[in-house]
Amino acid sequence: MRYFLDTEFNGFGGELLSLALVPEHGDQEFYAVLAAEAPLHPWVARNVMPYLATVPPCIEAAPMTRGEAAMALARYLAPDRAPVIVADWPEDIAYFCNLLVTSPGEMVAVGSLGFEFLSSPGFSTARNSAVPHNALHDARALRDFVLGWED
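Numbers given for residues are sequential positions, taken from 1 along each chain in its written order. Thresholds applied to this predicted model are a pLDDT of at least 70 for local features of residues and 80 or more for the giving and counting of side-chain atom pairs; totals over whole chains, interfaces and linings are not thresholded and use all residues. Derived side-chain values reflect all non-hydrogen atoms in the structure, with water molecules and hydrogen atoms excluded from consideration.

1. Some words on the side chain of Ser120
Okay, step 1: The helix count covers DSSP runs of H or I at least four residues long, the strand count covers runs of E at least two residues long, and both are numbered beginning at the N terminus. Structurally, Ser120 is set in the loop between β7 (114-117) and α4 (125-128).
Okay, step 2: Contacts are assigned to residue pairs with any non-hydrogen atoms lying within 4.5 Å of each other. Apart from the residues lying within four places of it in its own chain, the contact partners of Ser120 are Asp88 and Phe145.

2. Remarks on the sheet that holds strand β3 (residues 30-33)
Okay, step 1: Strand order in this open sheet of five strands is β3-β2-β1-β4-β7, and the pairing throughout is mixed. Edge strands, defined here as strands with exactly one partner in the open sheet, are β3 and β7. Direction aside, neighbouring strands of the sheet carry axes that sit 25° apart on average.
Okay, step 2: We call two strands paired when DSSP finds no fewer than two bridges between them. As judged from the four bridges shared by strand β4 (residues 84-87) and β7, these two strands associate in the parallel manner. Looking at β7, one finds that Val84 is bridged to Gly114.
Okay, step 3: Along the sheet face, helix α3 (residues 90-100) touches β1 (2-9), β2 (16-23), β4 and β7 and points at about 90° away from the line of β1. Under this scheme, a helix contributes an axis fitted over its contacting stretch, all axes are lines through C-alpha atoms, and angles between N-to-C directions fall in the 0 to 180 degree range.

What follows is the structure in structure tokens.
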């Protein structure tokens, strides 16, 4: 199955702040918020941080450590034998892969993963998201765009 990915991070090259995967089918979404370290980029402090917890009550938005988020991500993907991670921004894939690495030479146990990078000129998750710059809502917007485009 395909999972639509979005991340939020602390400015260009900054630490990962949140990551979301929204499945192509079903409603079992994944959302992880990582504990942020100061200083925050001013744009991120204004446009991302106030919205990190803007998710349905059934989704946990309490900050996790990187290790906890990596383990939660591995558990989430475990039932799928051939997950394909879909993103419209290359850094999202890089942050996703980096989260899997837990220490030098070590990573969480995930099976084989596929990745699909979609170049979507003219589409903006932020402009189409119910809560712009919230990874979960942006991932939903990407899924809705792609599935609507494919119909």
